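# Tertiary structure, described
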Amino acid sequence: MGIAVAGVDVLSEKAAMMRESLQKSQTITDNVVTILGSFDHRLSALETAMRPTQIRTHSIRKAHENIDRTLKAAEVILAHFDQYRQAEAKILKGPHEDLENYLEAIDNLRSNIQFFGSKKGFKSSDGIVVHANNLLAKAISKLEDEFRQLLLSYSKPVEPERLFDCLPNSMRPSSGSPHHEGDPSGKIPSNHHPESHNNNADAVVYTPPALIPPRSLPLLHDLAQQMVEAGHQQQLLKIYRDARSNVLEESLQKLGVEKLHKDDVQKLQWEILEAKIGNWIHFMRIAVKLLFAGERKVCDEIFEGFDSLSEQSFADVTKISVSMLLSFGEAIARSKRSPEKLFVLLDMYEIMQELHSEIETLFKGEACSGIREAATSLTKRLAQTAQETFGDFEEAVEKDATKTAVTDGTVHPLTSYVINYVKFLFDYQSTLKQLFQEIEGGDDSSQLASVTVRIMQALQTNLDGKSKQYKDLGLTHLFLMNNIHYIVRSVRRSEAKDLLGDDWVQRHRRIVQQHANQYKRNAWAKILQCLSIQGLTSSGGGSGTVGGDSITGSSSGASRAIVKDRFKAFNVMFEELHQKQSQWTVPDTELRESLRLAVAEVLLPAYRSFVKRFGPLVESGKNPQKYIKYTAEDLDRMLGEFFEGKNMNETKR
């Protein structure tokens, strides 16, 4: 119990101590609050006292800022004034001494015009802008003169030798060749093997010559840019056209290009015209791949960033030169057609096709559309004329009425001409396929085959007509045999075989054999009748006698007189055949030997048999050598002289 009371006392003491501490803390807190309230009152009073000073300080700072801005603006204006004065001095001095600084002065002048034009509140800005614009106009005028002078100084015609040096070796003219216009000696390599050329054309690299020194192009570009920014595009185009157009024309003229019209072409001899066409083909390649390609590069660099101006300037500069070249092609395409022109027409068509993609690339854009259309029109015109010439040739072959006599029955000049013509056609297979496809579309191979078949048929029709001029049917068939054999052999050895096919070849080989058989029948039937036993027996049917001698054995029943007449007739006919057919010609060695053998296989056995059977009847009489003049070996030797085309005085008996 006593312990419990003691504990309560202790707790009471602690509680009393805590109350005392709390009372002290409250007193301290009240004192701090009172002090802080006093501070707040003092700070408020201080702030009120400082406000006028703050306002004055802010005003002073603002004034300083305004002064700084005004000074900076003045400095900018003064700087532009200074630039303006410097630019004016450089511009008035002219561009000749230091063109780079002159161009920089123009840029500064433009910057000043823009600056003062934006300072509407500045009293002198309008006057400065007007004066600066006048100065800029004078500067651009001087730039135009400078651009013109620089361009003219760099614009010189390109000498032919320089262009030839840019060509592959195979396309360069031979050394020492003259450079005369229209020189018929053919100083430029011809284009008569287009297939081989087409195979290599893509691998050939052409490097156009630098028509203007490359180091000068950036400066010309800067001048052009200043003129464009000044709105002087038309003046720029005119200056460029006047300077470069004449140079291109002169370059082509030095090369040998001439402007010929249809009437001019008609007056030229074929040899001269053919040489001019060969040169024109070469000139087209040089113009497009070298001259025009070089001019395109110059245009693109000078007018970089202004595509429409580049295209327009290129069109303006090349228009007359392109017209010079295409007008000759048009004159040829529209001139009177003739078979010999077909191959040059194909050559011209081929070069236009070869250059088509490059023409489309170089002469791009609306400004050059007329030039592209003119080139396409010429290509189509050449294709059309070539096709019409095909038709003319086919008709000319069928109706050829040449009086050239082929008395020996050999291959007619028309046949060799037509076959060579067809062989040349197959040198142009890819070109012809393009041509047929462009005009008619469809299967170009079948069209070429169809044309070839029609030409061959026209030739055979004409040969049939010519064969009727011969009075000797044997020579008629020998002539047809020779000519059709020549056709078949030529086809078999050429690419025509693939188009015409084996059936065509086999059919015409049979025709050759038929004419060979007809020759034998017509030329040898009559003489073979002399060796026939028909008509040799006497009318009485018994044994015949001549001079009291009986005829017995194998010649039993034969009349000696008739036998003698048969031998005499055979000798005369064979000698006539030998004399005549030794002058006939079978030019193909194999065919000639085959024909001789075919005759010998018929004639010699019949002769041997006749001599063996009836020879004793003649030999027992007087002068047997008068009737049996030849042995079989003699005949065989003489047959070896047939078809040699010998003159009469050379014929051996």
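Reading guide: rules and limits
- Residues numbered from 1 in each chain as written.
- Predicted model: local features only at pLDDT ≥ 70, side-chain atom pairs only at ≥ 80, totals over all residues.
- Heavy atoms only, no water.
- Helix = DSSP H or I, 4+ residues; strand = E, 2+ residues; numbered from the N terminus.
- Buried < 20%, exposed > 50% of the residue type's maximum accessible area, 1.4 Å probe, protein only.
- Areas by Shrake-Rupley, 256 points an atom, 1.4 Å probe, with all protein chains shown as cover.
- 1 Å grid on protein atoms, 1.4 Å probe; cavity = no way out; pocket = protein on both sides within 12 Å on 5 of 7 lines; lining within 4 Å.
- Points joined across faces, edges and corners; volume = space filled by probe spheres on them.
- Nonpolar A, V, L, I, M, F, W, Y, C, P; charged D, E, K, R; others polar.
- Expected span 1.5 Å × (residues − 1).
- Polar contact = N/O pair within 3.5 Å; in protein donor to acceptor, adjacent residues only side chain to side chain.
- Salt bridge = Lys/Arg side-chain N within 4 Å of Asp/Glu carboxyl O.
- Patch = residues over 30% accessible without salt bridge, like charges linked within 9 Å, V, L, I, M, F, W, Y side chains within 5 Å.
- Lys, Arg positive; Asp, Glu negative; His and termini not counted.
- Charge placed at Lys NZ, Arg CZ, Asp CG, Glu CD.
- Core = buried A, V, L, I, M, F, W, Y, C linked by side-chain atoms within 4.5 Å.
- Contact = heavy atoms within 4.5 Å.
- Axes fitted to C-alpha atoms, helices over the stretch in contact; angles between N-to-C directions.
- Parallel < 35°, antiparallel > 145°, perpendicular 65-115°, else oblique.
- Left-handed = near helix turned anticlockwise from the far one by under 90°.
- Phe/Tyr/Trp six-rings, centres within 6.5 Å; stacked < 30°, edge-to-face > 60°.
- Lys NZ or Arg CZ within 6 Å of the ring centre and 35° of its normal.
- Disulfide = S-S within 2.5 Å.
- pLDDT = per-residue confidence, 0-100.

Bringing the overall build of the chain into the picture now. Tallying secondary structure elements over the chain gives 20 helices and two strands in all. Counting every position in the chain, which comprises 653 residues, the buried fraction comes to 44%. Carbon and sulfur atoms make up 52% of the accessible area of the chain, which totals about 34700 Å².

Of the pockets and cavities examined, the largest pocket occupies roughly 500 Å³. Of the residues assigned to the lining of the largest pocket, the class counts are eight nonpolar, four polar and seven charged.

A few words on helix α6 (residues 217-229). Spanning 13 residues, α6 covers 18 Å between terminal C-alpha atoms, matching the ideal 18 Å at 1.5 Å per step. Every buried residue belonging to α6 is among Leu217, Leu220, His221, Leu223, Ala224, Gln226, Met227 and Val228, and all of these are buried. One or two steps after α6, the chain reaches Gly231, where phi turns positive at roughly 80°.

Bringing the side chain of Arg285 into the picture now. By the secondary structure assignment, Arg285 is in helix α9 (residues 270-302). Only 3.1 Å separates the side chain of Arg285 from the side chain of Glu354, close enough to count as a polar contact.

Here we come to the pattern of salt bridges. All chains considered together, the criterion is met by 23 salt bridges. Asp400 serves as the salt-bridge partner of Lys466, at 2.9 Å between the closest nitrogen and oxygen. Here the residue Lys466 occupies a position in helix α15 (residues 444-467), and Asp400 occupies one in the loop between α12 (369-399) and α13 (413-427), the gap between them amounting to 66 residues. Given a relative accessible area of 6%, Lys466 falls into the buried group.

Right, let's get into a positive patch on the surface. Together, Lys423, Arg492, Arg493 and Arg509 make up a positively charged patch on the protein surface. Relative to the helices and strands, Arg493 is located in the loop between α16 (473-492) and α17 (496-530). By relative accessible area, which is 67% here, Arg493 ends up exposed.

With that settled, consider unusual backbone geometry. For Phe643, which is not glycine, the phi torsion reads 65° and is therefore positive. Mapping Phe643 onto the fold places it in the segment after α20 (632-639).

On to the nonpolar core. If you look at the biggest cluster of nonpolar residues, it comprises 156 residues, and the most contacted ones within it are Phe147, Trp280, Phe292, Ile302, Trp524 and Phe574. When residues in this core are grouped by element, the largest group, 16 residues, is from α9. Discounting chain neighbours no more than four positions away, the residues touching Trp524 are Tyr519, Phe574, Leu577, Gln581, Val599, Leu603, Leu639 and Phe642.

Now for the packing of helix α18 (residues 560-581) against α20. The relative placement of two packed helices is expressed as an angle between their axes plus a distance between the axes. Look at α18 against α20: their axes get within 11 Å of each other, and the N-to-C directions meet at 20°. Between α18 and α20, the angle is such that the two are roughly parallel. Our pair here, α18 against α20, has a crossing hand that is left-handed. Here Phe570, Phe574 and His578 of α18 come into contact with α20, specifically with Leu635, Met638 and Leu639. Grouping the amino acids of the contact of α18 with α20 by side-chain chemistry returns five nonpolar, one polar and no charged.

Further remarks concern the packing of aromatic side chains. Within the structure shown, the criterion is met by 23 aromatic pairs. Centre to centre, the rings of Phe393 and Tyr421 are 3.7 Å apart; their planes meet at 15°, and the pair counts as stacked. In this pair, Phe393 is assigned in helix α12 and Tyr421 in helix α13, connecting sequence segments 28 residues apart. Each member of the pair, Phe393 as well as Tyr421, carries the same accessibility label: buried. When the ring of Phe567 is compared with that of Phe610, the centres are 5.1 Å apart and the planes differ by 65°; the resulting orientation is edge-to-face. Here Phe567, found in helix α18, pairs with Phe610, found in helix α19 (residues 589-619); they are 43 residues apart in sequence, far enough to count as distant. With respect to class, Phe567 is no different from Phe610; both count as buried. The ring of Phe314 has Arg296 lying over it, and the distance from NZ or CZ to the ring centre is 4.6 Å.

In this structure the tally under the stated criterion is zero disulfides. We note that Cys368 lacks a disulfide partner, and the nearest cysteine sulfur, in Cys299, lies 8.8 Å from it. Residue Cys368 is classed as buried on the basis of its relative accessible area, which comes to 0%.

It is worth spelling out the environment of Gln581 at this point. Looking at the element boundaries, Gln581 is found in helix α18. For the pair Gln581 and Ala523, spaced 58 residues apart in sequence, the C-alpha to C-alpha distance is 9.5 Å. Look past the residues within four positions of Gln581 in its chain and what remains in contact with it is Tyr519, Ala523, Trp524, Phe642 and Phe643.

So, about the confidence of the model for the chain. In this model, the chain carries a mean pLDDT of 81, and residues with pLDDT of at least 70 account for 74%. In the predicted structure, residues 176-192 sits below a pLDDT of 50 and forms 44 contacts with residues beyond four places in sequence or in another chain.

This part covers the packing of α18 against α19. Axis separation between α18 and α19 bottoms out at 10 Å; the angle between their running directions is 145°. You can see that α18 and α19 cross each other, and the crossing is left-handed. In this structure, α18 uses Arg560, Val563, Lys564, Arg566, Phe567, Phe570 and Phe574 to contact α19, whose residues at the interface are Leu603, Tyr607, Phe610, Val611, Phe614, Gly615, Leu617 and Val618. Residues of the contact of α18 with α19, tallied by class, amount to eleven nonpolar, one polar and three charged.

Moving on: the side chain of Ser532. Checked against the element boundaries, Ser532 lands in the loop between α17 and β1 (545-546). Residue Ser532 is classed as buried on the basis of its relative accessible area, which comes to 19%. Ser532 has contacts with Arg566 and Phe610, leaving out every residue within four places of it along the chain.

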